[in-house]
Amino acid sequence: MTDSKYFTTTKKGEIFELKSELNSEKKEKKREAVKKVIASMTVGKDVSALFPDVVNCMQTDNLELKKLVYLYLMNYAKSQPDMAIMAVNTFVKDCEDPNPLIRALAVRTMGCIRVDKITEYLCEPLRKCLKDEDPYVRKTAAVCVAKLHDINASLVEDQGFLDQLKELLSDSNPMVVANAVAALSEINEASSSGVPLVEMNTQTINKLLTALNECTEWGQVFILDSISNYSPKDEREAQSICERITPRLAHANAAVVLSAVKVLMKLMEMMAPDADFVVNLSKKLAPPLVTLLSSEPEVQYVALRNINLIVQKRPDILKNEMKVFFVKYNDPIYVKLEKLDIMIRLANQSNIAQVLSELKEYATEVDVDFVRKAVRAIGRCAIKVEPSAERCVSTLLDLIQTKVNYVVQEAIVVIKDIFRKYPNRYESIISTLCENLDTLDEPEARGSMIWIIGEYAERIDNADELLESFLEGFQDESTQVQLQLLTAIVKLFLKRPADTQELVQQVLTLATQDSDNPDLRDRGFIYWRLLSTDPAAAREVVLADKPLISEETDLLEPSLLDELVCHIASLASVYHKPPSAFVEGRGLGSSRRALPTRSGSQDILESSPSHGERSGVIPTQESLIGDLLTMDLGGPPVPSSVPAAPFASSGLDLLSGGLDGLLSDSPSVPPPQAAPAPSVGLLGDIFGLAPSASTSYVAPKQMWLPAARGKGLEITGTFSRRNGQIQMEMTMTNRAMQPMMQFAVQLNKNSFGLVPAAPLHVVSPLAPNQSYEAVLPLNPTGPVQRMEPLTNLQVAIKNNIDVFYFAVVMPMNIFFAEDGQMDKRVFLSTWKDIPAANEVQYTINNVNMSADAVSSKMQQNNVFTIAKRNVEGQDMLYQSLKLVNGIWILSELKMQPGNPTLILAVKTRAPDVSAGVNTAFDAILHS
Amino acid sequence: MIGGLFIYNHKGEVLISRVYRDDIGRNAVDAFRVNVIHARQQVRSPVTNIARTSFFHVKRANIWVAAVTKQNVNASMVFEFLLKVTDCMQSYFGKVSEENIKNNFVLIYELLDEILDFGYPQNTDTGVLKTFITQQGIRTQTKEEQAQITSQVTGQIGWRREGIKYRRNELFLDVLEYVNLLMSPQGQVLSAHVAGKVVMKSYLSGMPECKFGINDKIIMEAKGKPSFHQCVKLSKFETEHSISFIPPDGEFELMRYRTTKDISLPFRVIPLVREVGRTKMEVKVVVKSNFKPSLLAQKIEIRIPTPLNTSGVQLLCMKGKAKYKASENAIVWKIKRMGGMKESQLSAEIELLQTDTKKKWTRPPISMNFEVPFAPSGFKVRYLKVFEPKLNYSDHDVIKWVRYIGRSGLYETRC
């Protein structure tokens, strides 16, 4: 007998017919009818009208029929809640059935019926089933708690099911333990408060590790995944967990292997990277990862996406396994593309020859995306492994000879990068490139080719003709190409002014008059202006040296990588996105994971009073720049909470008036709104001109923004603390040919919450070659965000020309508060209180001062000597200081008369700051 | 966890649909059909995200099996599970085809109810499932039988039931190896590895403890680190390098391994391709067998790709039969048997149509299939000892059979 016939009934009146069959006396007929109903349900027909008739079939001793009816119930109960109640009695009765399979079936199904009234009746049977004598019933009941929590979380908590679930973690049956841990993990993650409802401890982890050896493959996955959320209390515990998990790497199920890899990768973070244990473990990780590549392609894909993360986090693990990532002819395309990615990451000098010959082979395959990626990979090899550059270039040239359109275009794009990485080395191939000009139809390739022509215009005899040919269809080109073309022609003009004047005129007209793209128009105007006022300056700007390009362009940004490592094996690791990017809502705040850190590197922000954000989430350079870019420079740059000093709102209209001044031939006309904010300016002047007013240590000024990067604006600067006020002291010099005005400053969020206490005042306009000493008072009252290193500060300065970003390192001593003197007794008890692990020792060399001189010098910098002792001919100074964010730092300075080397011991609850304190001490003592 | 599981035919019609979680609605069924099955482009990933819902799929023959979720699930687990689902169906009713699925849909629903609870995979071992999901309708089990079933499903030895009895205790071991090769036209090995597995068929009474011994090569070589069936005590392997287990009843895959060292490649293919003008090509292929002359290789097939614009082929071969198959764009050369240390040759003249396509023919590699009666990796079974303390049969009474088979995996030579 076959069941497929049930799929075919599509007559009208079907429902009616089914109804009568369902109510038939004959058991066989009833069963047939229910099957038909399920078949209709599967294909999406609405058979909810049959609800009462189907439920009537529930009372049966035929297990198969019962399961079908339950299936129907799960589907339709929600749409017919009142009638679903009819089923409750049977459920409750079934939960008492002598057959454990039926008891489990009843409790399993009941949990899937999401109707409030039924849920009420579920509690008692569930409570019983959690204590059932049969493990099959218990393991089913464990999952049912998670189901119930999904329907009604508070009910689960009120009824004490969580405790019962926790007890199941000690069950004698491994499968019960596994299901219980799965349910608990889910409940924890869904917890609305973000605080896990059930904390794991050493004891439970031990139980789980015991069950791990005995349960089903899936159970092992549940257990491993939940262990991965646990943070061992110390390195020793982490090691013992690793040891007990390592055998799982030999399991045939890829999920068990990857989940074990996740736990190991996470726990390895807690150990010193060069410890024997870590080295050995790394060796053990490679074989199982390689073995995953002989599984089914879908599993391979997941494995490869994860391996991509692993080679970025710990490149050593797979460094000798290049060959296993070679692409096979009939790998599915998604496997091929991933393998290619990993090959490039693993490429190094020793294997590059093999890699290249493979890549060349791939470049002749059929799939366009794959071929393009292969060509691009060759270029990346050239940039990454310098000795191979020569071979890569010749391989690319071979590929260009194939004349396959997309291969040629891709090759030209990468050759441009190679030129940038190795200037003046491979320009001999330019002529070959020029032969392919006509075939280029993609913007990126055209843009790259034009860039090459412009950059090497002096070596290409007919550069003007080539560029002119592009110019004919200027309007139809994409913006990218238009911009390149404009720049290239200007470059050409600067190199060969004699015969290209007409061409440059033409392109400038096209860009400024015939285009409605503002970027293009502005760039056109700028070039025009530059060329007409000062060709020498134009040369410096347009033909300036370019920054070198880096080797690895597509690495994941480190904090994201760390987060993804915590999610190995999961969807997040497949998408390379944090779960918040693709999972909706509940309890997400709690699910953001961070790698554990080695002990001793406790987070400074934990002791800082003002912080409200999660620690450990270190923003990336990239996102910070993003922050800076989106800052509204037109708006008040001072947080409104600071009662700012007089604030000339009219003086900060940064957005208008620039271009006009630039274009009219009167650059010296002072902008009408340049009214300095007097009081601040005066203050600044006083402090700026009288650096001797205070004797506290101020580091010499350093170059912050060289003129080349600041488009003519040069900034040197330092930080100081004068009369309790932190200040940024800058010398701003205009090295450009035109006056600068409309200065403003913004600071990015930083570790100490520094924000400007007043707007930046600079004499305006700042004439060419004029310097100005600007002083910017700072308050530590802004938002706090941990930086790496702690004293890093990112600054944006704007003027009428552009916005410039740079990062500076602040000396720690500017944060030493005036009230840093600690009472002797408090000092003593605090010193004892802080764990010895937090003590860090440094040596300071070349100090030729007596202890008293040191003491008084430190005192001027708000480091207060609490006690002085002489032990065996050594002077010991005990000192205290307090940072503006309330962190106390205690120190012991050991010095021997006649010996210029001091030993400094720093003790604080936030050891992250110790290094900065040492640097500050060193600087002060040498000042 | 998994929110729902759907099975479709090649047209995208739903054959099975089981929803486990409330966050997955009926529209998910259609979303997958529209965005993946009916997508114009070739499938670029086995994982697809559509409107914050993730779809995992495996496609076997004409059947799509898809799992759906809205959570950050363990992706490797989902795929392993989907593969288990297809295995499971196969072991119940043979080929996973539309017809078989429709014929067994009630059974499939019953299975899905058992092996996936609220999206969490449960015991998926077919041996165990078959003891209580039977499609026999009502089956009155005694209390003992019921207890036995449940302890097996959840038990520590979930893969074997108690009380198995055979009059003849017998076991079969197949060492099955797939040799993979990628060779350059000049005969340089670009990559080669053996993917091997040991398949065991056991017909043993009681709860026998088995100890399996092999030569050190696989165990010692770091890269070949094997993976094992869940019955193998992994911690014992880690500490003592011994493989001990209580086997499931019947056939199962005991271990899987992989090695790249010291592989003896059974065959070498030497291609010679010459393009004579624009309309003619000459191909010469030599095959050399490289193993003991006393052994015989079987089912040898060499597939030589031809350009798309081939109009005719003249073939000449010393041994076996060769045919040009236009539909497959290849010359297929079959040799039934071939002894060790022999060689054979095929030459072909390929006539080509004039084409104006600029794109060069990309010369796919020549691939080869074969079967040889030895393990190319050098894998050796040293012993397999059986202990069953409770029953009165000893290791000597068990009849043991060991067989080695080496097959071609992807065995390719570029030309």
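Keep in mind it's a predicted model, so treat the numbers as computed, not measured.

### Details of the overall build of chain A
1) Next: Each helix and strand counted, chain A has 38 helices and 13 strands in total.
2) Next: Accessible surface, chain A: about 38,300 Å² in total, of which carbon and sulfur atoms supply 51%.

### Considerations on the overall build of chain B
1) Next: Scanning chain B for helices and strands turns up 8 helices and 23 strands.
2) Next: Across the 415 residues in chain B, those meeting the buried criterion constitute 56%.
3) Next: When contacts within chain B are restricted to residue pairs at least 6 apart in sequence, those whose partners lie at least 24 apart make up 70%.

### Points about helix α7 (residues 116-130) of chain A
Residue and element names in this part refer to chain A.
1) Next: Here α7 is 15 residues long and its end C-alpha atoms lie 21 Å apart, about the 21 Å a rise of 1.5 Å per residue gives.
2) Next: Along α7, the largest kink reaches about 35° and is centred on Leu122; proline Pro125 follows within four residues of it.
3) Next: When we look at burial in α7, the residues that qualify are Ile118, Thr119, Leu122, Cys123, Pro125, Leu126, Cys129 and Leu130.
4) Next: Buried residues in α7 make contact with α5 (81-94), α6 (100-112), α8 (135-151), α9 (153-158) and α10 (161-168).

### Quick notes on the pairing of strand β21 (residues 366-372) of chain B
All names here are of chain B.
1) Next: Of all 7 residues that make up β21, 5 are buried, and the element is covered over most of its length.
2) Next: Of the pairings in the sheet, the one linking strand β16 (residues 296-305) to β21 comprises 4 bridges and is antiparallel in character. Considered in β21, the bridge of Glu301 is made with Asn369.
3) Next: Pairing of β21 with strand β23 (residues 399-413) involves 4 bridges; the strand directions are antiparallel. Along β23, the bridge assignment pairs Ile366 with Thr413.

### Concerning helix α2 (residues 27-42) of chain A
1) Next: In this model α2(A) runs 23 Å from its N-terminal to its C-terminal C-alpha over 16 residues, within 8% of the 22 Å that 1.5 Å per residue would give.
2) Next: The buried count for α2(A) comes to 12 of 16 residues, which makes it a mostly enclosed element.
3) Next: Taken residue by residue, α2(A) has A:Arg31, A:Glu32, A:Ala33, A:Val34, A:Lys35, A:Lys36, A:Val37, A:Ile38, A:Ala39, A:Ser40, A:Met41 and A:Thr42 as its buried positions.
4) Next: Looking at the buried positions of α2(A), the neighbouring elements they touch are α1 (14-22), α3 (51-56) and α4 (63-76) of chain A together with β2 (14-19) and α4 (105-115) of chain B.
5) Next: Just past α2(A), the residue A:Gly44 takes up positive phi, approximately 100°.

### As for the sheet that holds strand β8 (residues 803-809) of chain A
All names here are of chain A.
1) Next: Strand order in the open sheet made by the 3 strands is β4-β7-β8, with antiparallel pairing throughout. At either margin of the open sheet sits one strand with a lone partner, and together these are β4 (744-747) and β8. Between one strand and the next, the sheet's axes are offset by a mean angle of 25°, whatever the strand orientation.

### Concerning unusual backbone geometry
1) Next: The omega torsion across A:Ser764 and A:Pro765 is 0°, close enough to zero to call that bond cis.
2) Next: By the secondary structure assignment, A:Pro765 is in the loop between β5 (755-756) and β6 (771-779).
3) Next: Even without a glycine there, the phi angle at A:Lys403 is positive, about 65°.
4) Next: Inspection of the secondary structure assignment puts A:Lys403 in the loop between α21 (389-401) and α22 (405-421).
5) Next: Overall, A:Lys403 belongs to the partly exposed group, its relative accessible area being 37%.
6) Next: Phi at B:Lys299 takes a positive value of approximately 50°, unusual for a residue other than glycine.
7) Next: In this structure, B:Lys299 sits in strand β16.

### Brief notes about the sheet that holds strand β12 (residues 888-895) of chain A
In a beta sheet, neighbouring strands are held together by backbone hydrogen bonds and run either parallel or antiparallel to one another.
Residues and elements named next belong to chain A.
1) Next: As summarised here, the arrangement of the 5 strands in space is β9-β13-β12-β11-β10, forming an open sheet in which the pairing is antiparallel. With partners counted over all chains shown, the strands left at the sheet margins are β9 (839-844) and β10 (864-871), one partner each. Mean inter-strand twist for the sheet, computed between neighbouring axes without regard to direction, equals 20°.
2) Next: Pairing of strand β11 (residues 874-882) with β12 involves 8 bridges; the strand directions are antiparallel. Bridged to Leu877 within β12 is Leu893.
3) Next: Packing against the sheet, helix α36 (residues 824-833) makes contact with β9, β10, β11, β12 and β13 (902-908), and its axis sits at approximately 90° to β12.
4) Next: Across the sheet, helix α37 (residues 851-860) is in contact with β10, β11 and β12; its angle to β11 comes to roughly 5°.

### A few points about the packing of α4(A) against α4(B)
1) Next: It is at 10 Å that the axes of α4(A) and α4(B) come closest, and there the two elements cross at 75°. Here α4(B) runs roughly perpendicular to α4(A), going by the angle between their axes. Residues A:Glu64, A:Lys67, A:Leu68, A:Leu71 and A:Met74 of α4(A) form the contact with α4(B), whose own contacting residues are B:Val106, B:Tyr109, B:Glu110 and B:Asp113.
2) Next: Across the contact of α4(A) with α4(B), the residue classes tally to 5 nonpolar, no polar and 4 charged.

### Notes on the confidence of the model for chain A
1) Next: When pLDDT is averaged across chain A, the result is 82; 87% of the residues are at 70 or more.
2) Next: Here residues 601-694 of chain A is modelled with pLDDT under 50, and outside its nearest four sequence neighbours on either side it reaches 122 contacts, counting other chains as well.

### Points about a positive patch on the surface
1) Next: Residues B:Lys319, B:Lys321, B:Lys323, B:Lys334, B:Lys336, B:Arg337 and B:Lys342 make up a contiguous surface patch of positive charge.
2) Next: It is strand β19 (residues 330-339) of chain B that contributes the most residues to the positive patch, 3 residues altogether.

### Some words on the pattern of salt bridges
1) Next: The final tally for this structure, using the stated rule, is 76 salt bridges over all chains.
2) Next: The residue B:Arg414 makes a salt bridge to A:Glu358 at a minimum N-O spacing of 3.4 Å. Taken together, the positions of B:Arg414 in the segment after β23 and A:Glu358 in helix α19 (residues 352-362) put the pair across two chains. Summarising the burial analysis for this pair, B:Arg414 and A:Glu358 share the class buried.
3) Next: A salt bridge links A:Asp464 to A:Arg496, with the nearest nitrogen and oxygen atoms 3.5 Å apart. Placement of A:Asp464 in helix α25 (residues 463-471) and of A:Arg496 in the loop between α26 (479-495) and α27 (501-512) is noted, with a sequence separation of 32 residues between them.
4) Next: We classify A:Asp464 as buried; its relative accessible area is 18%.

### Focus on a negative patch on the surface
Residues and elements named next belong to chain A.
1) Next: Together, Glu465, Glu468, Glu472 and Glu502 line one region of the surface with negative charge.
2) Next: Summarising the element assignment, Glu472 is placed in the loop between α25 and α26.
3) Next: You can call Glu472 exposed: its relative accessible area is 69%.

### Section: the packing of α4(A) against α5(A)
All names here are of chain A.
1) Next: Running from amino to carboxyl end, α4 crosses α5 at an angle of 130°, the nearest separation of the two axes being 13 Å. Relative to α5, α4 is oriented oblique. Viewed along their axes, α4 and α5 form a crossing whose handedness is left-handed. Contacts between α4 and α5 involve Lys66, Tyr70 and Leu73 from the first element and Ala87, Thr90, Phe91 and Asp94 from the second.

### Description of the packing of aromatic side chains
1) Next: For the coordinates displayed, the defined rule picks out 33 aromatic pairs over all chains.
2) Next: Taken together, a centroid distance of 5.3 Å and an interplanar angle of 85° make the contact between A:Phe222 and B:Tyr120 edge-to-face. Residue A:Phe222 is found in helix α13 (residues 217-227), and its partner B:Tyr120 is found in strand β7 (residues 120-121); the two belong to separate chains.
3) Next: Using a relative accessible area of 6% as the deciding quantity, one classes A:Phe222 as buried.
4) Next: Both rings, one in B:Phe56 and one in B:Phe79, keep their centres 5.3 Å apart while their planes meet at 75°; by these two values the pair is edge-to-face. Linking B:Phe56 in strand β4 (residues 53-60) with B:Phe79 in helix α2 (residues 75-93), this pair joins segments that are 23 residues apart in sequence. B:Phe79 carries the same exposure label as B:Phe56, and that label is buried.
5) Next: Between A:Lys336 and the ring centre of A:Tyr329, over which it is positioned, the NZ or CZ distance is 5.8 Å.
6) Next: It is B:Lys130 that lies over the ring of B:Tyr92; its NZ or CZ is 5.6 Å from the centre.

### Digging into the interface of chain A and chain B
1) Next: Taken residue by residue, the interface counts 107 residues in chain A and 89 residues in chain B.
2) Next: Joining chain A to chain B, the criterion identifies 15 salt bridges.
3) Next: At the junction of chain A with chain B, the criterion picks out 41 residue pairs in polar contact (both at pLDDT 80 or more).
4) Next: In terms of residue count, α8(A) provides more of the side of chain A that touches chain B than any other element does, 8 residues in total.

Cut-off values and rules
- Residues numbered from 1 in each chain as written.
- Chains lettered and ligands numbered in written order.
- Predicted model: local features only at pLDDT ≥ 70, side-chain atom pairs only at ≥ 80, totals over all residues.
- Heavy atoms only, no water.
- Helix = DSSP H or I, 4+ residues; strand = E, 2+ residues; numbered from the N terminus.
- Areas by Shrake-Rupley, 256 points an atom, 1.4 Å probe, with all protein chains shown as cover.
- Buried < 20%, exposed > 50% of the residue type's maximum accessible area, 1.4 Å probe, protein only.
- Contact = heavy atoms within 4.5 Å.
- Expected span 1.5 Å × (residues − 1).
- Bend = angle between axes of the 7 residues up to and from the residue.
- Pairing = 2+ DSSP bridges.
- Axes fitted to C-alpha atoms, helices over the stretch in contact; angles between N-to-C directions.
- Parallel < 35°, antiparallel > 145°, perpendicular 65-115°, else oblique.
- Nonpolar A, V, L, I, M, F, W, Y, C, P; charged D, E, K, R; others polar.
- pLDDT = per-residue confidence, 0-100.
- Patch = residues over 30% accessible without salt bridge, like charges linked within 9 Å, V, L, I, M, F, W, Y side chains within 5 Å.
- Salt bridge = Lys/Arg side-chain N within 4 Å of Asp/Glu carboxyl O.
- Lys, Arg positive; Asp, Glu negative; His and termini not counted.
- Charge placed at Lys NZ, Arg CZ, Asp CG, Glu CD.
- Left-handed = near helix turned anticlockwise from the far one by under 90°.
- Phe/Tyr/Trp six-rings, centres within 6.5 Å; stacked < 30°, edge-to-face > 60°.
- Lys NZ or Arg CZ within 6 Å of the ring centre and 35° of its normal.
- Polar contact = N/O pair within 3.5 Å; in protein donor to acceptor, adjacent residues only side chain to side chain.

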